[in-house]
Amino acid sequence: VQLQDIDDDDNSDRKLDECSSSHVQEIEHMLMQNVRILSEWNQETKEFKKLNHDLDQAAAAAGITNRIEVQQQRLECCQPDIVAPLIHQKRVIDEQLQTYQGKLEVIRQQCANKSAEFNALRHECDDLLTSVHELIAYCNYKIEQYNTLSAQHSSLGQQKNKFQKFIEQYSEYSDSYFDLLRGFQKFQTLNRFCIQNTTKNIHKRWFDRERDWRTWTSTDVLAWIRHKMQWVNESTVPNYVNFDDIVRNLQQHQIDGTSLTTLKPSDLLHAGFHIHAHRRTIFKSIKKLIAVRVDTSPTTHGDAESDIESESAECVTSEGQSTDDVDAPCRYKCHLSKRVMTEPVFCGHDQNTYDKSQICAYIEQHHCLPYTCTVYTQQLAVGDYSSYLLFDDVLLKLEIKQWLEENDS
């Protein structure tokens, strides 16, 4: 039995040695393989506990407690050789982990900074894209405006060419029209000269007839009044005057040449002259006729001419009598002097009305028209009255004369 126990002990020692050697190999293999160390260590620990439990039972049965203690001592001696490298490896791994965590934190911080920069750049890009879209819309709007302006410019160019042709045509028409106006001005000048001669002859004939004023009939008296009042043409006769009624009234009141010496202003009113200024002018002319022609002795031709000129001068003086220019209508005033006109003329250059003496004096002094451009000035020839294009406004002259007579009354 002892020998068998010894053999069993030897077998157990051999087994223990084999187990210890196998464990050592396994531990070394575990040290070489870091990945499976912990899992295999836990598994071997469980097997060792189980074996220890079996050995405890065997030692209790076979008395091998001492050998188990020896084996435990061996295991304890081997444990630092196994655990120390693992702890050292763990420390190295922890240090590397901290290093990598620090690097990771730095990288995270850098990524955060880069992300912030990226977000800022993205916002800037969005703003830039918005600006680009607005710029594109503005450019499209300007392109549309440019196209519209180009179309308008093209249309204006066509209209300009059209108007240029019209200007050339109107320039030719203007030259011919100016020549026609100059011809008409010359004709009017000759016509005025003829009228003056005719007027002078009429005055001379009436001067001869005034010698026999006592033999005048009512019709002759009315004809003489028309001559003195210059009511020869129908356009110069006031609207209220009706010569047929006046002739009948003169005949009814027996107003003829013999009754002129006893004539009163009221008789003229009954005859049909309703305006006081007209009656006063007629009455003054009658009194002058009676005063001059009391002496029925014949007069010489020279005296007749002088009387005619004096009467003409008196007539002009009566036409140019002064009045309040402020109260006169604007169309009765000269465009240059702003005073009531005595001989209104219409200017064909600027379509304004002037007093003849005022505009002629201005042109001769300044060699141009007032308030006009150089185009009309180039058409003027100082000394050539026909180039002034001044036309007598007879109707306006009669209106001014009638207005002066009415305001004088």
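Above this text sits the structure in question.
Attention here is on the structure that accompanies the text. (Residues numbered from 1 in each chain as written. Predicted model: local features only at pLDDT ≥ 70, side-chain atom pairs only at ≥ 80, totals over all residues. Heavy atoms only, no water.)

Before going further, it helps to examine the state of the cysteines. This structure, assessed with the given rule, holds zero disulfides. As a non-bridged cysteine, cysteine 347 has cysteine 360 as the owner of its nearest cysteine sulfur, 9.9 Å distant. (Disulfide = S-S within 2.5 Å.)

This part takes up helix α7 (residues 276-292). The end-to-end C-alpha separation of α7 is 24 Å, in line with the 24 Å expected for 17 residues at 1.5 Å each. Residues Ala277, His278, Arg279, Ile282, Phe283, Ser285, Ile286, Leu289 and Ile290 constitute the buried set of α7. (Helix = DSSP H or I, 4+ residues; strand = E, 2+ residues; numbered from the N terminus. Expected span 1.5 Å × (residues − 1). Buried < 20%, exposed > 50% of the residue type's maximum accessible area, 1.4 Å probe, protein only.)

By convention here, two paired aromatic rings are described through the distance between centres and the angle between planes. Counted according to the given criterion, the structure contains five aromatic pairs. Look at tryptophan 216 and tryptophan 224: their rings are 5.8 Å apart centre to centre, the planes differ by 40°, and that puts the pair in the tilted class. The pair tryptophan 216 / tryptophan 224 is uniform in exposure class, with both members buried. A network of ring pairs unites the aromatic residues Trp206, Trp216 and Trp224 as a single cluster. The ring of phenylalanine 243 carries arginine 226 above its face, with NZ or CZ at 4.1 Å from the centroid. (Phe/Tyr/Trp six-rings, centres within 6.5 Å; stacked < 30°, edge-to-face > 60°. Lys NZ or Arg CZ within 6 Å of the ring centre and 35° of its normal.)

For the pair helix α4 (residues 218-228) and helix α5 (residues 243-252), interaxial distance at closest approach is 9 Å and the crossing angle is 130°. Between α4 and α5, the interaxial angle falls into the category oblique. Like other packed secondary-structure pairs, α4 and α5 cross with a definite hand, here right-handed. Residues Ser218, Thr219, Leu222 and Arg226 of α4 form the contact with α5, whose own contacting residues are Phe243, Ile246, Val247, Leu250 and Gln251. Taken together, the residues of the contact of α4 with α5 sort by class into five nonpolar, three polar and one charged. (Axes fitted to C-alpha atoms, helices over the stretch in contact; angles between N-to-C directions. Parallel < 35°, antiparallel > 145°, perpendicular 65-115°, else oblique. Left-handed = near helix turned anticlockwise from the far one by under 90°. Contact = heavy atoms within 4.5 Å. Nonpolar A, V, L, I, M, F, W, Y, C, P; charged D, E, K, R; others polar.)

On to unusual backbone geometry, then. One can expect most non-glycine residues to show negative phi and most peptide bonds to be in trans. With phi around 55°, glutamine 254 is a residue other than glycine that occupies positive phi space. Within the fold, glutamine 254 resides in the loop between α5 and α6 (265-271). By relative accessible area, which is 64% here, glutamine 254 ends up exposed.

On to the packing of α4 against α7. Put simply, α4 and α7 touch, their axes get as near as 11 Å, and they point 110° apart. By the criterion of interaxial angle, the relationship of α4 to α7 is roughly perpendicular. When you trace α4 past α7, the crossing you get is right-handed. Taken together, the residues of α7 that come into contact with α4 (itself represented by Trp224, Ile225 and Lys228) are Ile282, Ser285, Ile286 and Leu289. When its residues are assigned to classes, the contact of α4 with α7 shows five nonpolar, one polar and one charged.

Turning our attention to the nonpolar core. In this structure, Trp216, Leu260 and Phe273 are the most contacted members of the largest nonpolar core, which totals 26 residues. Every element with two or more residues in this core is listed here: α4, α5, α6 and α7. Sort the elements by how many residues they give to this core and α7 lands first, with five residues. Discounting residues that sit within four places of it in the chain, tryptophan 216 has contacts with Trp206, Arg209, Glu210, Val221, Trp224, Asp256, Gly257, Leu260 and Leu289. One finds Cys347, Tyr354, Leu380 and Leu404 within the second-largest nonpolar core, a separate group that totals 20 residues. (Core = buried A, V, L, I, M, F, W, Y, C linked by side-chain atoms within 4.5 Å.)

Let's shift gears to the pattern of salt bridges. Counted by the stated rule, this structure contains seven salt bridges. When the shortest N-O distance is used, the salt bridge between aspartate 245 and arginine 248 registers 2.1 Å. Here the residue aspartate 245 and the residue arginine 248 both occupy positions in helix α5, the gap between them amounting to three residues, near one helical turn. Two residues, lysine 356 and glutamate 343, come together in a salt bridge whose shortest N-O distance is 3.8 Å. With lysine 356 in helix α9 (residues 356-366) and glutamate 343 in the loop between α8 (301-319) and β1 (344-347), the pair connects residues that are 13 residues apart, well separated along the chain. (Salt bridge = Lys/Arg side-chain N within 4 Å of Asp/Glu carboxyl O.)

In short, shape yes, function no, at least from these values alone.
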